[in-house]
Amino acid sequence: MGDEATCWSIDAALTATPEDNARTALDRVAASPFPEAWISVVPADELLARARAVGALLADGARLPLAGVPFAVKDNIDVAGMPTTVGVPEFAYVPDRSAPVVERLLAAGAMVVGKTNLDQFATGLVGTRSPVFGACRNPLQPEYVAGGSSSGSAVVVATGQVPFSLGTDTAGSGRVPAALCGIVGLKPTAGLLSTGGVFPAMPSFDCVSVFSASIADAAAVLDVTRRVPAARDSTRPTRVGVPTSIEWLGDDGARARFDAAIARLEALGCAVVEIDASDLYDAGALLYGSALTAERYGAFGAFADAHPDVVHPAIRAILSNARAHSAADVVRAWADLAAARDAVVPMWASVDVLLVPTVARVPTYDEAIGDWFGPSTELGRFTSFVNPLGMSALAVPWGVRDTGVPFGVSFVGPGGADDALLELAARFAGEPARGSGRRPATPDTERFGLVVVGAHLSGQPLNHQLTSLGASLVERTTTAPEYRLFALDTVPPKPGLVRVPGDGAAIEVEVWSLDAEGLGRFVAGIPAPLGVGRVVLADGSEVTGFLCEPHVTAGARDITEFGGWRAFLASLS
């Protein structure tokens, strides 16, 4: 995958010391002919201090699956202490806490090198809508676009400045730049990676994505960042759906490359099934062509209205259209999307996975600058339907076009098919599905998430009951804003969490991971009035967790105002 002389793999980084990796990253960033790919870079002394800290942990015997591996973060994802600009300096804010997906990478020993450029507010697929920080050109053929909106994240991986990076993907922003830069772009199932700390574009459809030089590296990052480890599906996809007709827009070389990809899958024993993709395209068109764009206006429209001169005119035009929609328009758009989802369901009875060109024709840089909408719409033809339809996708390189710009294909599966896509793509590309470095092997045992809210939090008196069962901390987050917290009269003191829709608040919690045996033993020991149910988290996902029988809260102190057990305990002292 990618140019082996240029790209930097996770396995290669794991064979070097963290400090050597930090120096290599700093040198490559400084020497890069594509400085516009970066918005901010961690100061050298801070990155080297981080590297030495990781090295000390390794010396103490810590098991860190990404020890000393440098990575980059798209600048709509929070990194504590670094500005989040979303491509607009006037909008910038400095978060106190990193996004949970970044926290998980740091906990695994990885090192943030910096924040990368993007189409402003992650709105666009061209990579040219960043007037202050500069448009990103294709690193292999600069007369063409690099793709967006995660343009900088793709460029820094393709040019070997870091082994992997984080992007986001709403309509294809995690796959289009990967295809145009000749690298891997993983778009996980919505919810598999937390979107906490990600500035929203369209929060109903946003996903954090991964760019890497190989499928194995994408799998390694997914294993660390996924919110709750999932069982691997041992069923191999064998029926591959291909659209009956594809508009190549004059790129016959791309057509030939796609035919070769189909032949490769047939050689692997897959059955290729032609499908009518019109329902898919119609669903994708809703993202920008319906009242669903009201989500973008809700996310940053007020800022754009107050600061029109600093927002790219293409984005202002999108927001202007979004502003014109009524609430009834939004309701109808969601109804149209629900109908589109229903229409697609029967497709999965005849195919296991879809194969599509990630991009048909690649627009030139001048085209993208001169036409605000045409090139971006064209680039999203085969990507924009994935998130609205709840699917998973993986973009992989597959040769080079006649223009010298990379060509790539995307494997698209139903929600939850992430691991199956990685396995199929690895066979397709003739790669190992996972690397061979210091990373510990991914356990075959299925693990389950458990939400804790009180005495089992890390550092609290009963946390040892989790760690003694082999539990590991997955994420620190909050519930959805529909819970109340009560101080119960127990020894040791414990809180009771009760769901009260319409009269609750967000409560601090932790998500821990246990195998089936550990979870069973833990749950069996939970004393009444506490029990286990489904807890709704801030990102809308539901995870098994502690709840309290409501009747025992009568007379108990309501401590919801503190936002969590730790804050309540601190108030007592």
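The preceding data block contains the structure.
Note on numbering: residues in each chain are counted from 1, in written sequence order. pLDDT decides what is reported in this predicted model: residues at 70 or higher carry local features, side-chain atom pairs at 80 or more are listed and counted, and totals for whole chains, interfaces and linings draw on all residues regardless. To obtain the side-chain values, all non-hydrogen atoms of the structure were used and water was disregarded.

Is there a simple way to explain unusual backbone geometry in this structure?
As a rule of thumb, non-glycine residues mostly have phi less than zero, and peptide bonds are mostly trans rather than cis. Going from Gly 148 to Ser 149, the amide bond is cis rather than trans, its omega being 0°. Mapped onto the fold, Ser 149 is located in the loop between β3 (111-116) and α5 (151-158). In this chain, Val 491 is followed by Pro 492 through a cis amide linkage whose omega measures -10°. Position of Pro 492 relative to the elements: it lies in the loop between β14 (483-488) and β15 (494-499). One non-glycine residue, Val 86, adopts positive backbone phi at about 45°. In this description a helix means any DSSP run of H or I spanning at least four residues, a strand means any run of E spanning at least two, and both kinds are numbered starting from the N terminus. With respect to the helices and strands, Val 86 occurs in the loop between β2 (70-74) and α4 (100-107). Judged by its relative accessible area of 0%, Val 86 is buried. Each residue is placed in one exposure class: buried if its accessible area under a 1.4 Å probe, protein chains only, is under 20% of its type's maximum, exposed if it is over 50%, and partly exposed if it falls in between.

What am I meant to see in the nonpolar core here?
Nonpolar side chains in soluble globular proteins generally cluster together in the buried interior. Among the nonpolar cores identified, the biggest contains 104 residues, and Val 102, Leu 280, Leu 355 and Phe 411 are the most heavily contacted of them. With seven residues, helix α7 (residues 215-225) is the largest single contributor of residues to this core. The contact rule is simple, with two residues in contact once any of their heavy atoms fall within 4.5 Å. Residues within four places of Leu 355 in sequence aside, it is in contact with Val 240, Gly 241, Val 242, Pro 243, Phe 258, Ala 261, Ile 262, Leu 265, Val 409, Ser 410 and Phe 411. Nonpolar cores were defined as sets of buried Ala, Val, Leu, Ile, Met, Phe, Trp, Tyr and Cys residues, with membership established by side-chain atoms within 4.5 Å. Counting residues in each nonpolar core, the second largest holds 35 residues, with Leu 466, Leu 485, Ile 507 and Leu 519 among its members.

Which parts of the structure should I look at to understand the packing of helix α9 (residues 278-289) against helix α12 (residues 327-344)?
Working note: a packed helix pair is described by the angle between its axes plus the distance between those axes. Running from N to C, α9 and α12 cross one another at 155°; their axes reach a closest spacing of 9 Å. Here α9 lies roughly antiparallel to α12, going by the angle between them. For the element pair α9 and α12, the recorded crossing hand is left-handed. Two secondary-structure elements touch here, α9 through Asp 279, Leu 280, Ala 283 and Leu 286 and α12 through Asp 336, Leu 337, Ala 340, Ala 343 and Val 344. Helix axes are fitted only over the stretch in contact, all axes being lines through C-alpha atoms; the angle between N-to-C directions runs from 0 to 180 degrees. An angle below 35 degrees is read as roughly parallel, one above 145 as roughly antiparallel, one from 65 to 115 as roughly perpendicular, and any other as oblique. For any pair of crossing helices, the crossing counts as left-handed if the nearer helix is rotated counterclockwise from the farther one by less than a right angle, and right-handed if it is rotated clockwise.

Would you explain the sheet that holds β3 in this entry?
Within a beta sheet, neighbouring strands are joined by backbone hydrogen bonds and run either parallel or antiparallel to one another. One bridge is not enough; two strands pair if DSSP finds at least two bridges between them. Pairing within the open sheet is mixed, and its eleven strands lie in the order β1-β3-β2-β4-β6-β5-β10-β11-β9-β7-β8. Edge positions in the open sheet fall to β1 (38-41) and β8 (271-275), since each of these has one partner strand only. Going across the sheet, the axis of each strand differs from the next one's by a mean of 25°, ignoring polarity. Inspection of the sheet shows strand β10 (residues 392-400) paired to strand β11 (residues 406-413) by seven bridges, in the antiparallel sense. Residue Val 396 lies in a different strand from β11, and its bridge partner there is Val 409. Packing of helix α2 (residues 18-31) onto the sheet brings it into contact with β1, β2 and β3, and relative to β3 it is tilted by some 20°.

Looking at this model, I keep getting lost on the sheet that holds strand β19 (residues 557-558). Mind explaining?
Across the sheet, which stays open at both edges, the three strands sit in the order β15-β14-β19 with antiparallel pairing between neighbours. Here the strands that pair on one side only, and so sit at the sheet edges, are β15 and β19. Contacts from helix α18 (residues 565-572) reach β14, β15 and β19 within the one sheet, and its direction differs from that of β14 by about 45°.

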